[in-house]
Amino acid sequence: MQSKSFKPEEYYIEDEPYYQPIGDEIAIFEAAYNQKLPVLLKGPTGCGKTRFMEHMAWRLQRPLITVSCHDDLTASDLVGRFLISGGETVWVDGPLARSVRHGAICYLDEVVEARKDTTVVIHPLADDRRVLPMEKIGELIEATPEFCLAISYNPGYQSVMKDLKQSTRQRFVALEFDYPDAALETEIIMTETGIDIATANQLVKFAHMTRDLKGSGLDEGASTRLLVHAAKLIHENIPPVTACTTAISQALTDDADMLVAMNELSSSLF
Amino acid sequence: MKSKPLTLQEIVDFLDICFEVEFTFIKSELAAELIVQQTRSDQDFILNLTRRVAATNKELAFQFAMNAIRALDHMDQHMVEAWAMSATDNYDSKGLNPAMSVIRDLDNYVDTAHIRTCGAVLAEEIPVLLPFAHGLSGRKLKIAETEGKHSYTDTETIFLPAFTSLFEESKDNFLIYKASIAFLWAQIHFGTFRIPFEKLLDCDAPDKQLNKFFTLESIRLETCIKRELPGLYRDMQTLKQKEEKQLQRQRIEIENWRYIKHKLTADNAGIHDTLHCLALVDEIQCPPPYCYQGILKPDLAGAVMQKRIEKEKAYFRIALKELASENMKNNATDNTEAEFEMDSGAKFDIRNKADRQNDTQQVNSGVIELEFEGDLVALPDHVKELMTSIIVDFGEIPPEYLYAAGPGEYDLKKYEEELRNPNDVWQGTYHEEGAELYNEWNFKRQHYHKNWCVLRELELEPEYDDFVENTLHKHKALLKNLRHSFEILRGEDKLLKKQVHGDNIDIDALVEAYGDVKSGMEMTDRLFTKMHKVERNVAVIFMVDMSGSTRGWINQAERESLILLAEVIQILGDRFAIYGFSGMTRQRCELYKIKTFDEEYNDEIRARISNIQPQNYTRMGVFIRHMTRLFNNIEASTKLLVTLSDGKPDDYDTYRGEYGVEDTRQALYEAHCDGIHSYCITIDEKARDYLPHMYGAANYSVIDDVAQLPLKVSDIYRRLTT
Ligand SMILES: Nc1ncnc2c1ncn2[C@@H]1O[C@H](COP(=O)(O)OP(=O)(O)O)[C@@H](O)[C@H]1O
Ligand SMILES: [Mg+2]
């Protein structure tokens, strides 16, 4: 009962994805990988977690299978299910099962968003058993040594319903991600988009302004991802203030006064 | 068709009623003679506003009526209204005389240079200006209104005039506010207040000296702004040009100008360069400041700074002490439970970042990190905030701050008590600590009293008696009933059939599909079953009247209902909170915490419910506004506010009759705008006529027996949450 369509080679990353290290996260991830420990990436959205995973997959030469978790995601979405094909039922592996069989890196993005039953299936994979029980077909697959489980989690959304359970988090090596400091963030924006240093500097300043507003009107400040978006627009000759509004402010809030205030801030900078 | 202007007599009659002339002896004719010459629309406008001001004070209204026409010559109606309301605000906060001078000294408030400007009104711009100020780095600044025309700062609050109306267009007048905030922020941020002003002003002509200093310092500050906020700097230049053109003012003439300019516009120019230049010039023609530059109040700033510096040093060194002992605990290898008391000040160090290329950036607290015994220390947010504020004051963390406080070195109570001083609360500066301020709606004035009510959250001690047990026993049958209806409410997980995706195969669908295929039809892809989980996301607050009038059976009924409701809400798993409210006058609005959202419902909470006792009076609006604030801090798709009360809002002072009802109605409307469903349950024999007016016909009920109450609530639940 093997999946027919899965081609691991499609999940290899050929070219080095650009990743600007912030601390010693690369070394730690490599160590965890060698010791077959699962990894938890903590941090706000858009601060480079996905990019980091791509970079690590390239570095370790493993296929990377990413699952963006959402509140409809069930255990069978991860493990697999029966499908009907040509009048017969066929079992099809889910992304997690595929990763386990083929020694891929499986990255579950925003894992708390998923339904609670999904965390149960990752538990036996995340301790030293390293197995995936597939109840539906009565199989227990053992992970190959190359397999690696990584999950991400944003502790910023503090809500009782969306917290990672102790029983889950205590299985993982945790890497904390945060927005890079001003100099590094400027460099990331420039490398990603090719805009000039002066504009990149001001964009980073704007980001800091919005991050200072966290808690006094904004739930989150601008992420590196949003800065990259704004920079790309600017690169296409959109005026910087417009780029900030459309790519950053509008993404952060719908509040009319707040939007005006953010506009006043960006127009002060450019 | 234009309506005919009112006659003199008609106006006099109207004003006589407004001013209650039989008692006040105000001469309505004087005002009427002015008003009669106006167009009908201006007449209506003035008379209507006069009546609204008269709801606050008759004298003030008369003064307004006398000056309204002059005001209308210079400002549009919107501004005149704002001006009148600013007078009533001043009446609230300072009394009749200051309010009268707002009206009389019209010229102080607005620039009467030209005709009917579209000014900017501070109160209206605050929702934009405050986040703007918070977005500028450094200490979180507050914004308040100044009585005068010039803006200034005390290093924590930025004081801005109630109106700006120098320019014809509101956009430019708004820009004055924005530029003022940035300019005053620059003073705080780039070290204007880091010099000893007493020494500077210890001379023959301190005023002249201060002016000279201000003029030179402004050159330096604007250079900083040009570097940090180039866009705003451009706007400032535009404002300056417009102002020069309009007021035909002169630019500054200074000897040694070239040199001074070179010095003060250098990238790393500091406050000492300003002082250095000050010594170079003898006398300058100091023009008045530009419209957004405001004035310096060194005494005020000095006093505020001194207090803050002392306080922050204490807080910071105590925070270091905590960090140090935590660090030692973590590093202790043996597992002894020994307390790590620090006897002498442990020393922290500043980690020097190798790449500090940005030396022009004088303040960048994000760059400074602390080390303890060679290890980097993770700083909690409140310590980071303290550091930022300290760096704003000194440009660095002074070395003596880096020693952790010794045991008993500081008595923090001293600072806490200072914060709780009710007078500070009235200045509106210490919202966060101890008390919160809320507006109150005055329907006659058609305007809010600002920061009118002082609300404090108080603890309610648990009372462990047999009340809970008795209640559960007494209402056993009712409880069973309720449980049942709440269980129905909860809803069951449903198995959805014929889904495109799902957990299991839908055999029925499959058989059907198989049949279809055999007979040559297209096969459906809806072949799965899926479990649909009902996830509730409801938050509810019960707000319980604890006023004196609930004494007796009503109080008992409230408590019994709460016990029953809490019991069955658990079934649904909804988040809920319980607060009791009472108080006496607007200065003492007391909210008793019975159960917060974060607390588990347990025996202690039950015992607190048992201890709900009648207190004083009922003011309603302020509590509803507070609940709205609490709701806005949590995330829930349905927010429900249920008030249990015995009747009308009523307080010791003027919160009676229509006034209280209208304020409550307004507060409920505000809650509605924030997406909160309000429902009122009144325990009273007689249905009252004002309830539909406040809550809307569908959102209240009157009951006369406890037994009805939980059923009513489950009804509301059914309507609102399913
Ligand atoms: N350290 C980094 N190095 C390179 N690019 C980064 C880095 N951090 C953020 N980015 C940029 O930000 C974008 C969003 O990052 P992403 O990895 O998708 O965030 P996350 O997964 O944390 O939500 C990336 O596409 C990349 O352009
Ligand atoms: Mg991502």
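No experiment lies behind these values; they were computed from the predicted model shown. (Residues numbered from 1 in each chain as written. Chains lettered and ligands numbered in written order. Predicted model: local features only at pLDDT ≥ 70, side-chain atom pairs only at ≥ 80, totals over all residues. Heavy atoms only, no water.)

Caption draft 1: Quick peek at the interface of chain A and chain B. Each partner contributes to the interface: chain A provides 33 residues, whereas chain B provides 36 residues. Buried surface at the junction of chain A and chain B, summed over both partners, amounts to about 2,600 Å²; 56% is from carbon and sulfur atoms. Sorting the residues of chain A by area buried against chain B places Ile84(A), Arg115(A) and Ser268(A) first, and these three jointly supply 20% of that buried surface. Counting across the chain A and chain B interface gives two salt bridges. A salt bridge links Lys178(B) to Glu264(A), with the nearest nitrogen and oxygen atoms 2.6 Å apart. Taken together, the links from chain A to chain B amount to seven residue pairs in polar contact (both at pLDDT 80 or more). Put simply, the parts of the chain that give the side of chain A that touches chain B at least two residues each are strand 3 (80–85), helix 8 (197–212) and helix 11 (256–269) of chain A. A per-element tally of the side of chain A that touches chain B places helix 11 of chain A first, with nine residues. Here the residues of the side of chain A that touches chain B sort into 13 nonpolar, nine polar and eleven charged. (Contact = heavy atoms within 4.5 Å. Buried area = accessible area lost by both parts, 1.4 Å probe. Salt bridge = Lys/Arg side-chain N within 4 Å of Asp/Glu carboxyl O. Polar contact = N/O pair within 3.5 Å; in protein donor to acceptor, adjacent residues only side chain to side chain. Helix = DSSP H or I, 4+ residues; strand = E, 2+ residues; numbered from the N terminus. Nonpolar A, V, L, I, M, F, W, Y, C, P; charged D, E, K, R; others polar.)

Caption draft 2: Inspection of the pattern of salt bridges at higher detail. Residue and element names in this part refer to chain B. In total, this model carries 43 salt bridges over all chains according to the counting rule given. Close ionic contact of Arg445 with Asp92 constitutes a salt bridge, the shortest N to O distance being 3.1 Å. Note that Arg445 is positioned in the loop between strand 9 (436–442) and strand 10 (447–459) and Asp92 in helix 6 (residues 77–94), a separation of 353 residues in sequence. Residues Arg445 and Asp92 agree in their burial class; the two are buried. (Buried < 20%, exposed > 50% of the residue type's maximum accessible area, 1.4 Å probe, protein only.)

Caption draft 3: Summary view of helix 7 (residues 96–104) of chain B. Buried within helix 7 of chain B are the following residues: Ala99(B), Met100(B), Val102(B) and Ile103(B). The buried residues of helix 7 of chain B occupy an angular sector of 150 degrees when projected down its axis, which confines them to one face. (Arc of directions from axis to C-beta.)

Caption draft 4: Geometry of the sheet that holds strand 9 (residues 173–176) of chain A. All names here are of chain A. Strand order in the open sheet formed by five strands is 2-5-8-1-9, and the pairing between neighbours is parallel. Each edge of the open sheet is held by one strand with a lone partner, namely strand 2 (64–68) and strand 9. For this sheet, the mean angle separating the axes of adjacent strands, direction not counted, is 20 degrees. As paired strands, strand 1 (residues 39–42) and strand 9 are joined by four bridges and run parallel to one another. Considered in strand 9, the bridge of Leu40 is made with Ala174. Against the sheet, helix 1 (residues 25–34) engages strand 1, strand 8 (148–153) and strand 9, with an angle of about 165 degrees to strand 9. This element, helix 4 (residues 95–102), spans strand 2, strand 5 (105–109) and strand 8 of the sheet and lies at about 160 degrees to strand 2. (Pairing = 2+ DSSP bridges. Axes fitted to C-alpha atoms, helices over the stretch in contact; angles between N-to-C directions.)

Caption draft 5: Region of interest: the sheet that holds strand 11 (residues 494–499) of chain B. An order of 11-13-12 (chain B) is seen for the three strands of this open sheet, with the pairing classed as antiparallel. Of all the strands in the sheet, just strand 11 and strand 12 (504–505) of chain B have a single pairing partner and so form its edges.

Caption draft 6: Summary view of the confidence of the model for chain A. For chain A, the mean per-residue pLDDT works out to 89, and 95% of the residues sit at or above 70. Here strand 3 of chain A stands out as the element of chain A with the lowest mean pLDDT, 78, in contrast to helix 9 (residues 224–235) of chain A, whose mean of 97 is the highest. (pLDDT = per-residue confidence, 0-100.)

Caption draft 7: Broad picture of the domain arrangement of chain A. Residue and element names in this part refer to chain A. Along its sequence, chain A is organised into domain 1 (2–176) and domain 2 (182–269). With centres defined by C-alpha atoms, the gap from domain 1 to domain 2 works out at 31 Å. Taken residue by residue, the interface counts twelve residues in domain 1 and nine residues in domain 2. When domain 1 packs against domain 2, the two sides together hide about 830 Å² of surface, and 53% of this comes from carbon and sulfur. If you sort the residues of domain 1 by the area they bury against domain 2, Tyr18, Gln20 and Gly46 come out on top, with a joint share of 54%. For the interface between domain 1 and domain 2, the tally reads one salt bridge. Glu192 serves as the salt-bridge partner of Arg51, at 2.8 Å between the closest nitrogen and oxygen. Viewed at the interface, domain 2 and domain 1 are joined by four residue pairs in polar contact (both at pLDDT 80 or more). The residue makeup of the side of domain 1 that touches domain 2, split by class, is six nonpolar, five polar and one charged. (Domains from an automatic or database assignment.)

Caption draft 8: A look at a negative patch on the surface. Residues and elements named next belong to chain B. On the surface, Glu463, Asp465, Asp466 and Glu469 cluster together into a patch of negative charge. With respect to the element layout, Asp465 can be found in the loop between strand 10 and helix 20 (467–474). According to the relative accessible area criterion, Asp465 is partly exposed, its value standing at 38%. (Patch = residues over 30% accessible without salt bridge, like charges linked within 9 Å, V, L, I, M, F, W, Y side chains within 5 Å. Areas by Shrake-Rupley, 256 points an atom, 1.4 Å probe, with all protein chains shown as cover. Lys, Arg positive; Asp, Glu negative; His and termini not counted. Charge placed at Lys NZ, Arg CZ, Asp CG, Glu CD.)

Caption draft 9: Representation of the packing of aromatic side chains. Evaluated as defined, the whole model comprises 19 aromatic pairs over all chains. What links up through ring pairs into an aromatic cluster is the set Tyr19(A), Phe29(A), Phe52(A) and Phe177(A). A cation over an aromatic ring shows up here: Lys347(B) above the ring of Tyr403(B), its NZ or CZ 5.6 Å from the ring centre. Positioned above the aromatic ring of Phe467(B) is the side chain of Arg559(B), whose terminal nitrogen or guanidinium carbon lies 4.3 Å from the ring centre. (Phe/Tyr/Trp six-rings, centres within 6.5 Å; stacked < 30°, edge-to-face > 60°. Lys NZ or Arg CZ within 6 Å of the ring centre and 35° of its normal.)

Caption draft 10: Representation of the side chain of Gln202(A) within the structure. Within the secondary structure, Gln202(A) is located in helix 8. One polar contact links the side chain of Gln202(A) to the main-chain carbonyl oxygen of Leu269(A), over a distance of 2.8 Å.

Caption draft 11: Summary view of helix 9 of chain A. Residue and element names in this part refer to chain A. A rise of 1.5 Å per residue sets the reference length of helix 9, with its twelve residues, at 16 Å; its end C-alpha atoms lie 16 Å apart and thus fit the reference within 8%. Looking at helix 9, one finds that the buried residues are Thr224, Leu226, Leu227, Val228, Ala230, Ala231 and Ile234. In the core, the buried residues of helix 9 are packed alongside helix 7 (182–193), helix 8 and helix 10 (240–252). Just beyond helix 9, the residue with positive phi is Asn237, at close to 70 degrees. (Expected span 1.5 Å × (residues − 1).)

Caption draft 12: Quick peek at the state of the cysteines. One pass over the full model with this rule turns up zero disulfides over all chains. With no disulfide of its own, Cys106(A) has Cys69(A) as its nearest cysteine by sulfur position, at a separation of 8.6 Å. Cys224(B) provides the cysteine sulfur closest to Cys277(B), a residue in no disulfide bond, and the two sulfurs are 13 Å apart. For Cys277(B), a relative accessible area of 0% gives the class buried. (Disulfide = S-S within 2.5 Å.)

Caption draft 13: Seen up close, the site of ligand 1. All names here are of chain A. Near ligand 1 lie 16 residues; those nearest to it are Gly46, Thr50, Arg51, Glu192 and Arg225. Taking Gly46, its main chain carries an N or O atom lying 2.6 Å from an oxygen atom of ligand 1. Separating an oxygen atom of ligand 1 from a side-chain N or O atom of Glu192 is a distance of 2.5 Å. Within the residue set of the shell around ligand 1, elements represented by two or more residues are helix 2 (49–60), helix 7 and helix 9. When its residues are assigned to classes, the shell around ligand 1 shows six nonpolar, six polar and four charged. (Near = heavy atom within 4 Å.)

Caption draft 14: Summary view of the pairing of strand 9 of chain B. Residues and elements named next belong to chain B. By the criterion of burial, strand 9 is predominantly enclosed, with five of the seven residues buried. Both strand 9 and strand 10 contribute to a ladder of six bridges, which runs antiparallel. Of the residues in strand 10, the one forming a bridge with Tyr438 is Cys453. Between strand 9 and strand 10, which pair antiparallel one after the other, the connecting turn spans four residues, and Gln446 there sits at a positive phi close to 55 degrees.

Caption draft 15: How the structure looks around the domain arrangement of chain B. Taken domain by domain, chain B consists of domain 1 (8–111), domain 2 (120–296), domain 3 (300–416), domain 4 (494–533) and domain 5 (538–720). With centres defined by C-alpha atoms, the gap from domain 2 of chain B to domain 5 of chain B works out at 49 Å.

Caption draft 16: Examining the nonpolar core more closely. Residues Leu203(A), Ile248(A), Ile181(B), Phe213(B) and Leu229(B) are the most contacted members of the largest nonpolar core, which totals 82 residues. With twelve residues, helix 10 (residues 170–189) of chain B is the single largest residue contributor to this core. Apart from the residues within four sequence positions on either side, Leu203(A) is in contact with Ile189(A), Ile195(A), Leu227(A), Ala230(A), Ala231(A), Ile234(A), Cys244(A), Ile248(A) and Phe270(A). (Core = buried A, V, L, I, M, F, W, Y, C linked by side-chain atoms within 4.5 Å.)

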